[in-house]
Amino acid sequence: MSLLLRRNSSQLRLLQRLGAATTAEVRRFVSRDSDNDSNNVTAAQSSTTTANTAGTTAGNKLQSTKRLNNLSAVADTDIKKSVFISQSHDIFTNLALEDWLYKNFDFGNHHVLLLWANDPCVVIGRHQNPFTEANVSRLMERGITLARRNSGGGAVYHDRGNLNCTFFTPRERYNRKYNLNIVTRALFREWAIKSEINERDDIVIKNKKISGTAAKLGRPNAYHHCTILASANKLHLGESLVKEPANYISRATASVPSPIRNLVDVNRNVNVPQLLSAVGYEYLRTAAMALEDGGSTQLMKQRGFQLVNPTERWFPGIEELRASYSSWDWVIGKTPKFSVEKELELKGDNSGMKLKLSVDVEAGLMSKIAIQLPQSDQMVPVVTPLQGKAYNEQNLNGIIDALKMVSTSNVQQAMNGSI
Amino acid sequence: MTTKMAINAKDIFRNQHRLIRFIEQSIRLCSNQSLKTAQQQQQKASTPDFEITASVNTQYTHAPEPIKHDKDLGHMFKASQMAVRLATPQQLQPKPDNDEELGFGKLFTDHMLKIYYHKSLGGWQKPEITPLENLVMHPAAKVLHYAVELFEGMKAYRGVDGKIRIFRPDMNMNRMNLAAQRSGLPTFEGKEFVQCLSRLLSIDSEWVPHTEAASLYIRPTLIGIDPTLGVASSDSALLYSILSPVGSYFKTGSNGAVSLLADPSYTRAWPGGVGNRKMGSNYAPTINVQKEAAARGLQQVLWLYGEDHQLTEVGTMNIFMFYVNDQGEQELITPPLNGLILPGITRDSILAMTRQWGKFKVREATFTMPMVSELLNQGRLLELFGTGTACVVSPINRINYLGQDLYIPTMEQEKPVHELIRETLTDIQYGKVDHPWSVVID
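Calculation notes
Residues numbered from 1 in each chain as written. Chains lettered and ligands numbered in written order. Predicted model: local features only at pLDDT ≥ 70, side-chain atom pairs only at ≥ 80, totals over all residues. Heavy atoms only, no water. Pairing = 2+ DSSP bridges. Helix = DSSP H or I, 4+ residues; strand = E, 2+ residues; numbered from the N terminus. Axes fitted to C-alpha atoms, helices over the stretch in contact; angles between N-to-C directions. Contact = heavy atoms within 4.5 Å. UniProt positions renumbered as here; feature names shortened; annotations may be inferred. Patch = residues over 30% accessible without salt bridge, like charges linked within 9 Å, V, L, I, M, F, W, Y side chains within 5 Å. Areas by Shrake-Rupley, 256 points an atom, 1.4 Å probe, with all protein chains shown as cover. Salt bridge = Lys/Arg side-chain N within 4 Å of Asp/Glu carboxyl O. Buried < 20%, exposed > 50% of the residue type's maximum accessible area, 1.4 Å probe, protein only. Expected span 1.5 Å × (residues − 1). Polar contact = N/O pair within 3.5 Å; in protein donor to acceptor, adjacent residues only side chain to side chain. Domains from an automatic or database assignment. Buried area = accessible area lost by both parts, 1.4 Å probe. Lys, Arg positive; Asp, Glu negative; His and termini not counted.

Overview of the sheet that holds strand 15 (residues 354–362) of chain A
Residue and element names in this part refer to chain A. Spatially, 12-14-15-16-17 is the arrangement adopted by the five strands of the open sheet, whose pairing is antiparallel. The open sheet is flanked by strand 12 (247–250) and strand 17 (379–381), the only strands paired with a single partner. Direction aside, the axes of adjacent strands within the sheet are offset by 25° on average. Here eight bridges tie strand 14 (residues 338–345) to strand 15, and the two strands are oriented antiparallel to one another. Pairing of phenylalanine 338 across the sheet is with valine 361, part of strand 15. Those strands touched by helix 13 (residues 393–404) are strand 12, strand 14, strand 15 and strand 16 (365–372), and its axis lies near 150° from that of strand 15.

Set out below in structure tokens:
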């Protein structure tokens, strides 16, 4: 037996090329993001014809239509549901677990709801700029982790009073409305709390948001995750999502700030363990594809709750995913190109002389630092060892402090010199 | 010549064959160092000299005989009538971080399967799956007094495609029913029980890690719970099953060979007894003997029987010997099912497989310690190993017999048969090859 514990897609491709496969060999199930690479091994093979089998390397288009036919052949009653509860409270581990399930699990007959809660952190969307969403340096000082998730959308603050729900299905059965209704029904059934789903797919109670949504659709799997604010620390939340005062010019996705409320403000009895139970049971007792409650008979047929321990021993390959999620290259480095501008007043006799500092940041590194002299349109590059270093608010303030030392007479000289 | 010198000479004389072999090997190693590595590489590159066939020739295996149920047994249970009570999130047990905390049978999953039998209520009751909980019984329950108990050992494997498989469950069911008949316990439909087990496995499937070589140990048990002291058949019984996660794959330590204590003063089984049934009462008396072996620095007990010291079993495993017979051909031999031997499923699978290979002679016959010593002296003993569900094959390298140490060259063979057997069986069990013996549940 090979020493490889897990065969990821690239290893499988390698094995294929080496001709290691015999006709009877069974392949590992592999999930891919929405790209139609014809070399992919995208389906599992087995001798019995179960509803979610498809041909192997017979061409992707044929595969996807075959899969669709096979998937639609699966009756609602064939689909069994599980609720996985993560044992970890580390944002990077949980993001890695979500990613692992998305990439490796077979959801054909088995829908999964993953419930997780994290220690205090700020999570930004895939295409967001962390510096426009929060003060990154201050987060680091206060021990609040910054993470970037793989799905789009805006920035959120997580702590143990916030429950995250990820609904996993095959791509064809992705249904956001269904998932959000599970949550609203659970809230009503458990505490008689009435809530609505607005047009942005937020769950609101009397116009204040208690849940935000984001999703990732790939092939063959998809997930939709949302938060539920049960008893989050609103003070810390407010303080964490404040950016450094400067003019950020960025094309990244901006968050849409909304007033939020905790469920505990609406009903004092709400707590996270009970919420976890309520949402889980509602998920299990509802039919898989239709929003119909099946009660205890439906519940009995499901696979129930399971604790999952997201370590390498149980999910081989997860350490690698975690390392990638916690790496600087992902969290900061994936920031789309942007520039920061700040106007500085100089010390000196002539008050009113303003210098405009402009920093261009690419992939998280300061690529260009320049100042615009007063009464001039020219941008003068600043020579500093900070060039090419990582951008953060501390470095920005460092440059500003250094520039503030410059007196107006120096500036006059420079201006006259340049003319 | 002093006594000391005499003793040393005696030792050398006694172990001369081992010494000769050792010297020969060292010479081989020294001179053919490069040659050996080249040979090894060649071995790996060449195609295996046997085929894992996707079918089993029925002439080499016997389908288990159907069980004859008692006329007044009553109602049979059906998997379709099963009731399920799922564990709440608060009742779930956290999964350990790594293998060191696992051991064997120390940790159990979240759910269990329970099926009651009450003759006064018509027979077998509805199966239920419940969270793992303690059993409550009357202090006069027969199992507590007369060991009216039998159990099974099976494994569920997560295959390379992520699906969960069990290996030849029909054999375990048959074995269980035979033992039930002997203990005055009610028999049952094996197929229905396997279906109930499949449901239990699907509920607790996350207890099997997603690595390629992970398994879950299944322990079905049948106990007599009749609350009366008479030594008679049980009118009430409980058939239940619990699951235990086992270490994911072999670490270098446990793959090593074991050393045995062969003491003819202890007997595990006798003709007319129940050595051939997997009943708890067979195991309690062995615990102290195992303790004695451990005290002498030996790992397992080799069970001997009779005046001629027949080898019967190793610890809780069956035993196989691979040697060169009187006709000069290689032969694999194991004791026959004469009533002293537990009919192991791994044992049966190995016999069927090796007979189908046809590469060497395969025989079921008794063999004795004097035979083993003689073969060892003539250098005709090649391998000695135990077989069982827990570790598939367990090579033996030393036997302490009547105060003497016999060194078995099991690990010194170039292409050991036991390794070949282990690889083939695990390939089937983990679904690397499609095989009717490995049943997919999920």
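With respect to the UniProt feature "modified residue: N6-(pyridoxal phosphate)lysine" (unreviewed entry) in chain B
When the UniProt feature table is mapped onto this chain numbering, "modified residue: N6-(pyridoxal phosphate)lysine" (unreviewed entry) sits at Lys278 of chain B. In this view, lysine 278 of chain B contacts Leu150, Phe151, Glu152, Gly153, Arg175, Tyr283 and Leu342 of chain B; residues no more than four positions away in its chain are not counted.

With respect to a nonpolar patch on the surface
Residue and element names in this part refer to chain B. A contiguous nonpolar patch, built from Ile12, Leu19, Phe22 and Ile23 and spanning about 390 Å² of accessible area, is present on the exposed surface. With three residues, the top contributor of residues to the nonpolar patch is helix 2 (residues 16–31). Tracing the backbone shows leucine 19 in helix 2. In this structure leucine 19 comes out as partly exposed when scored by relative accessible area, which is 39%.

Some points on helix 9 (residues 272–285) of chain A
All names here are of chain A. Between its first and last C-alpha atoms helix 9 spans 20 Å; for 14 residues at 1.5 Å apiece the expected length is 20 Å, and the two agree. Counting buried residues in helix 9 gives 10 out of 14 residues, a clear majority hidden from the surface. Buried within helix 9 are the following residues: Val272, Leu275, Leu276, Ser277, Ala278, Val279, Gly280, Glu282, Tyr283 and Leu284. Between a side-chain oxygen at the N-terminus of helix 9 and the backbone nitrogen of glutamine 274 the separation is 2.9 Å; the capping residue is asparagine 271.

Examining the sheet that holds strand 5 (residues 156–158) of chain A
Residues and elements named next belong to chain A. If you trace the three strands from one edge of the open sheet to the other, you get 4-3-5, paired in mixed fashion. Among the strands making up the open sheet, the edge pair consists of strand 4 (145–148) and strand 5. For this sheet, the mean inter-axis angle between neighbouring strands, taken without regard to orientation, is 25°. Here strand 3 (residues 121–124) runs beside strand 5; their pairing, made up of three bridges, is antiparallel. Opposite valine 123, over in strand 5, you have valine 156 as the bridge partner. Packed onto the sheet, helix 3 (residues 91–104) meets strand 3, strand 4 and strand 5 and runs at close to 20° relative to strand 4.

Here's the deal with the pairing of strand 13 (residues 304–308) of chain A
Residues and elements named next belong to chain A. Across the five residues that make up strand 13, a large majority, five, are buried. With five bridges joining them, strand 1 (residues 80–86) and strand 13 adopt parallel strand pairing. Among the inter-strand pairings, serine 86 is bridged to a residue of strand 13, identified as valine 308.

Points about the environment of leucine 241 of chain A
All names here are of chain A. Of note, leucine 241 is situated in the loop between helix 7 (234–240) and strand 12. Separated by 16 residues in sequence, leucine 241 and proline 257 have C-alpha atoms that sit 9.5 Å apart. Ignoring any residue separated from it by four or fewer positions in sequence, one finds leucine 241 in contact with Val122, Glu133, Ala155 and Tyr157.

Here's the deal with the domain arrangement of chain A
Residue and element names in this part refer to chain A. What the domain assignment reports for chain A is domain 1 (2–331) and domain 2 (338–418). Across the contact, 15 residues belong to domain 1 and 14 residues belong to domain 2. Carbon and sulfur atoms make up 53% of the area that domain 1 and domain 2 hide from each other, which totals about 1200 Å². Summed over the three residues of domain 1 that lose the most area to domain 2, namely Phe131, Ile249 and Trp328, the buried surface amounts to 38% of that side. Seen at the junction of domain 1 and domain 2, the total is eight residue pairs in polar contact (both at pLDDT 80 or more). Secondary-structure elements contributing two or more residues to the side of domain 1 that touches domain 2 are helix 5 (136–141) and strand 12. The leading source of residues in the side of domain 1 that touches domain 2 is strand 12, at four residues.

Points about the side chain of glutamate 206 of chain B
For glutamate 206 of chain B, the location among the structural elements is in the loop between helix 6 (190–203) and strand 8 (214–224). Buried and unpaired, glutamate 206 of chain B has no salt bridge, with arginine 158 of chain B as the nearest side chain of opposite charge at 4.3 Å. In terms of polar contacts, glutamate 206 of chain B uses its side chain to reach the side chain of histidine 210 of chain B, at 3.1 Å. Once residues within four sequence positions are removed from consideration, glutamate 206 of chain B is found in contact with Phe84, Phe105, Gln306, Val308, Trp314 and Phe315 of chain A together with Lys95 and Arg158 of chain B.

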